[in-house]
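Each chain is listed here by its residues.
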Amino acid sequence: MEHPLRLPGFRLLFLGRTISTLGDAVVPAALAIAVTRATGSSAALAVVLGCAMVPRLFLLPFGGVAGDRFDPRLVALTTDLVRAVAQLLVGLELLGGHPSLPHIAIASAVGGAASAFAMPTASPLVAATVPGEHRLRANALLGTASGAARLAGPALAGVLVYTAGPGWAFLLDGASFVLSAALLTRLTVEPAGAADETDRTPGGPRSLRRDLAEGWSEVRARDWYWTSLIAHGIWNGASAVLLTLGPLIAATRLGGDGAWVAVTQAGAVGLLVGSLIAGRLRPRRPVLAGNLALALYGLPLLALAVPTPAPVVVAAQAVAMAGLGFLNPVWSTVVQQDFPAATLARVTSYDWLLSLGAAPVGYVLAPLAADAWGSRVPLLAAAALVTLVCAGTAAVPGVRRHGTRPAAEPASGNGNGNAAGNGNAAATAPGPAAEQPPARVQDQERERGQERDRDRAQARITP
């Protein structure tokens, strides 16, 4: 089997994503230090983080539409350049010695808005550059690179912040986006929507509302997908509870701040190991296996609630994040093979929206519950919820059956293959097999095909 990095298109994509991910991994620590130095207020940091989160959540569905309507490579390239300018301006202002909180907040909002358009392009670009039989390994490579960046990023940020200042961390991130954009200029992909130009309204281009509704209908048509999205959202909410309450517990009960550093680094190692495992294993029921792996996140929550000794918490976090590292490549591969290429960006934008939208709920509720009943109650509640919901997806027929039946033969053209013309990839892939689409979806596709045939016939007889 040919290694995905031997594919020129994926090699460019992999290098660009890895470089920009490393740059992004440096920024959180530098941002926290820069804002607290400039203002002395944790509330100011919350404002800056909120300025990035709000536009990201609001614009994600529209980013999905853009990724499907236009060349995802061009969308990703444009967002890289926008984020590069934002980060470089913040870096220069910090180096100037007189940082302005409004300026940092505006740059954070611009970066958040750009990321809403960048994130949905990831799956279409992988599908466009990698044949179906190589996608699991390709996604595992991207996950491994992301895990390595999360492991190295904080250490690199510490070196930059304490030797040269936080501004240099932002300059590094900006430069990483410039380099990523330069690599994308050399990448050539066929937009998924190009093969479906006939599927338009008679009066002209399709409306934004119709595109959003079509993406949502693809989500609703697959019970394994939307139920898993609920589980993924619960996981992110539970993660927010741990990240909110964990540092104080580590400082007061586990031996100090160093214990929390060990927990976070163990999580990064676990994420890396889980991605490596995903590249080796090919589970027969990939969705079920991935969701069960997510249920392991109950372990560190339970370990903090008891509380157990620091080494137990560290080990539990490593195991839990290995579950996430395993899920991410497996899940991305299943989605890329099961959904039509022309809807991938919209489908993944809804995935990101539900996942990221749950995190602020955890950030808000965890401290409120801890103030009212102590930290043990929200930690135990989060542990029970994430374990029961993620493992409970096994009760959904689509989750249990997905991958156990032969993949459907893709239709000619765009079907379930990738945008680069590998139309039969999903049917021949030895990895997670695509489930037969529900009868309702088949009927809708058949009706759309008949409508296109009538439009063509009408066009031929119209004088």
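Look a little higher up for the structure.
Presented here is a report on the structure given in the accompanying data block. These numbers come from a predicted model, not from an experiment.

1. Notes on the environment of Arg285
Argument step 1. Tracing the sequence through the fold places Arg285 in the loop between helix H10 (257-280) and helix H11 (286-294).
Argument step 2. Considered as a pair, Arg285 and Arg401 are 116 residues apart in the sequence and their alpha carbons are 6.8 Å apart.

2. Section: the packing of helix H9 (residues 223-253) against helix H13 (residues 310-338)
Argument step 1. With their axes 13 Å apart at the nearest point, H9 and H13 run at an angle of 150° to one another. With respect to H13, the axis of H9 lies roughly antiparallel. The element H9 and its partner H13 pack so that their crossing is left-handed. Listed contacts from H13 to Trp224, Tyr225, Ser228, Leu229, His232, Trp235 and Leu242 of H9 are Gln317, Met321, Leu324, Leu327, Trp331, Val334, Val335 and Asp338.

3. Some points on a nonpolar patch on the surface
Argument step 1. On the surface, Leu243, Val361, Tyr363, Val364, Leu365 and Leu368 cluster together to form a nonpolar patch covering roughly 570 Å² of accessible area.
Argument step 2. The element that contributes the greatest number of residues to the nonpolar patch is helix H14 (residues 344-373), accounting for 5 residues.
Argument step 3. Residue placement: Val361 occurs in helix H14.

4. Considering the nonpolar core
Argument step 1. With 51 residues, the main nonpolar core has Trp224, Tyr225, Tyr297, Leu301, Trp331, Val335 and Leu379 as its most contacted residues.
Argument step 2. Within the residue set of this core, elements represented by two or more residues are helix H8 (208-220), H9, H10, H11, helix H12 (298-305), H13, H14 and helix H15 (376-392).
Argument step 3. Of all the elements, H9 adds the most residues to this core, at 11 residues.
Argument step 4. Excluding anything up to four places from it in sequence, Tyr225 contacts Val219, Trp331, Val335, Phe339, Val347, Thr348 and Asp351.
Argument step 5. Among the nonpolar cores identified, the runner-up in size contains 20 residues, and Leu45, Ile104, Ala157 and Ala169 belong to it.

5. A closer look at the packing of H9 against H12
Argument step 1. Contact geometry for H9 and H12: axes closest at 10 Å, N-to-C directions at 35°. The interaxial crossing formed by H9 with H12 has left-handed handedness. Across from Ala238, Leu242, Gly246, Ile249 and Arg253 in H9, the residues of H12 making contact are Pro300, Leu301 and Leu304.
Argument step 2. Looking at side-chain class alone, the contact of H9 with H12 contains 6 nonpolar, 1 polar and 1 charged residues.

6. Here we look at H15
Argument step 1. For H15, which comprises 17 residues, the first-to-last C-alpha distance of 23 Å matches the rise-based estimate of 24 Å (1.5 Å per residue) to within 8%.
Argument step 2. If you check which residues of H15 are buried, you get Pro378, Leu379, Ala382, Ala383, Val386 and Cys390. Along the long axis of H15, the arc covered by the buried residues comes to 135°, so they all point the same way.
Argument step 3. Lining the buried residues of H15 we find H9, H11, H12 and H14.

7. Notes on the pattern of salt bridges
Argument step 1. Applying the stated criterion to the full structure yields 9 salt bridges.
Argument step 2. Between Asp80 and Arg83 there is a salt bridge, and its shortest N-O distance comes to 2.9 Å. Here the residue Asp80 and the residue Arg83 both occupy positions in helix H3 (residues 72-95), the gap between them amounting to 3 residues, near one helical turn. In terms of burial, Asp80 and Arg83 fall into one category: buried.
Argument step 3. With a shortest N-O distance of 2.7 Å, Glu218 and Arg222 are connected by a salt bridge.
Argument step 4. On the accessibility criterion, Arg222 (5% relative accessible area) is buried.
Argument step 5. Connected through shared salt-bridge partners, Asp68, Arg69, Asp211, Glu214 and Arg346 make up one network.

Parameters at a glance
- Residues numbered from 1 in each chain as written.
- Predicted model: local features only at pLDDT ≥ 70, side-chain atom pairs only at ≥ 80, totals over all residues.
- Heavy atoms only, no water.
- Helix = DSSP H or I, 4+ residues; strand = E, 2+ residues; numbered from the N terminus.
- Axes fitted to C-alpha atoms, helices over the stretch in contact; angles between N-to-C directions.
- Parallel < 35°, antiparallel > 145°, perpendicular 65-115°, else oblique.
- Left-handed = near helix turned anticlockwise from the far one by under 90°.
- Contact = heavy atoms within 4.5 Å.
- Patch = residues over 30% accessible without salt bridge, like charges linked within 9 Å, V, L, I, M, F, W, Y side chains within 5 Å.
- Areas by Shrake-Rupley, 256 points an atom, 1.4 Å probe, with all protein chains shown as cover.
- Salt bridge = Lys/Arg side-chain N within 4 Å of Asp/Glu carboxyl O.
- Core = buried A, V, L, I, M, F, W, Y, C linked by side-chain atoms within 4.5 Å.
- Buried < 20%, exposed > 50% of the residue type's maximum accessible area, 1.4 Å probe, protein only.
- Nonpolar A, V, L, I, M, F, W, Y, C, P; charged D, E, K, R; others polar.
- Expected span 1.5 Å × (residues − 1).
- Arc of directions from axis to C-beta.

Scope: geometric values only; no functional claims are made or implied.
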